[in-house]
Amino acid sequence: DAKTTQPPSMDCAEGRAANLPCNHSTISGNEYVYWYRQIHSQGPQYIIHGLKNNETNEMASLIITEDRKSSTLILPHATLRDTAVYYCIVSYSGAGSYQLTFGKGTKLSVIP
Amino acid sequence: NAGVTQTPKFQVLKTGQSMTLQCAQDMNHEYMSWYRQDPGMGLRLIHYSVGAGITDQGEVPNGYNVSRSTTEDFPLRLLSAAPSQTSVYFCASSFTGPREKLFFGSGTQLSVL
């Protein structure tokens, strides 16, 4: 079962930053935090992942708290195309790890 | 570069029929996997493969078979379709496993009547 807790839905105004929270209070030291999104029944799309340091790429930023019990995905300037279900996943990232467990995610609606 | 290609996109079966969902990738990925997604649910892992000739079960393997004879292809077989297998099926691949970026196909919507 999923090791994360996410709000079922959120709204964000177009052009504003979207901050999606995720709680993972039972995360262990060798587990990474992954974010994927799924736009309207398409296949999920990888966004970003991290261990303990904050990460940034062309899509988003990932902020992980110092105790690693929660994280926030930030879409800096949300557009209508960012409307999707966002999945936060915690998974061991070492050799022999072959499964990601997707929960129900957060449905983000970007509003014009 | 096609990425991960799934066929067919839609399929309707009668209970008891068998069929194969196709998945092919052209990125030379060793790891391939099949997920199913039911309405309002997250994705659940059915089977996965870490290379040609190697397969293993995921969370919900019952009623499905897989094989991996080549690096490129990872077909999913429904042996005797049941209404409970009505779902959207996604194939995904990566170089070595889900700890890396997973690439997903566009899905196959299957209805079993």
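Before any of the text, the structure's been laid out above.
In this report, we go over the structure that sits alongside the text. Note that the structure is predicted; figures quoted are calculated from it, not measured.

Here's the deal with the packing of aromatic side chains
In the structure shown here, the tally under the stated rule is 10 aromatic pairs over all chains. When the ring of Y36 of chain A is compared with that of Y46 of chain A, the centres are 5.6 Å apart and the planes differ by 80°; the resulting orientation is edge-to-face. One end of the pair, Y36 of chain A, is in strand β3 (residues 31–38); the other, Y46 of chain A, is in strand β4 (residues 45–50), and 10 residues separate them in sequence. Like Y36 of chain A, the residue Y46 of chain A is buried in the burial classification. For the ring pair Y87 of chain A and F102 of chain A, a centre distance of 5.4 Å and an interplane angle of 80° mean the geometry is edge-to-face. Residue Y87 of chain A is located in strand β8 (residues 84–92), and its partner F102 of chain A is located in the loop between β8 and β9 (106–111); the two are separated by 15 residues in the primary sequence. Pairwise contacts between aromatic rings join Y36, Y46, Y87 and F102 of chain A together with Y35 and F104 of chain B into one cluster.

Observations regarding the environment of R68 of chain A
All names here are of chain A. Secondary-structure assignment places R68 in the loop between β6 (61–64) and β7 (70–75). Judged by relative accessible area, R68 falls into the buried class, the value being 9%. The spacing of R68 and T83 is 15 residues in sequence and 27 Å in space, taken between C-alpha atoms. Among all residues touching R68, those that are not within four sequence positions of it are H24, I27, S28, G29, N30, E31, L51 and K52. Here E31 takes part through its backbone oxygen, which lies 3.1 Å from a polar atom of the side chain of R68.

Points about the state of the cysteines
Tallied over the entire structure, the rule returns two disulfides over all chains. Disulfide pairing is shown between C22 of chain A and C88 of chain A; the S-S distance is 2.1 Å. Between C22 of chain A and C88 of chain A, the S-S dihedral sits near -85°, and the bridge is therefore left-handed. With a gap of 66 residues between them, C22 of chain A in strand β2 (residues 18–23) and C88 of chain A in strand β8 connect regions that are remote in the sequence. Linked covalently through their sulfurs, C23 of chain B and C91 of chain B form a disulfide whose S-S length is 1.9 Å. Judged by the torsion about the S-S bond (-70°), the C23 of chain B/C91 of chain B disulfide is left-handed. Taken together, the residues span a long stretch of sequence, with C23 of chain B in strand β3 (residues 19–25) and C91 of chain B in strand β9 (residues 87–94) at a distance of 68 residues. Taking the relative accessible area as the measure of exposure, C23 of chain B reaches 2% and is therefore buried. Relative accessible area serves as the criterion here: at 0%, C91 of chain B is assigned to the buried category.

Criteria and thresholds
- Residues numbered from 1 in each chain as written.
- Chains lettered and ligands numbered in written order.
- Predicted model: local features only at pLDDT ≥ 70, side-chain atom pairs only at ≥ 80, totals over all residues.
- Heavy atoms only, no water.
- Phe/Tyr/Trp six-rings, centres within 6.5 Å; stacked < 30°, edge-to-face > 60°.
- Helix = DSSP H or I, 4+ residues; strand = E, 2+ residues; numbered from the N terminus.
- Buried < 20%, exposed > 50% of the residue type's maximum accessible area, 1.4 Å probe, protein only.
- Contact = heavy atoms within 4.5 Å.
- Polar contact = N/O pair within 3.5 Å; in protein donor to acceptor, adjacent residues only side chain to side chain.
- Disulfide = S-S within 2.5 Å.

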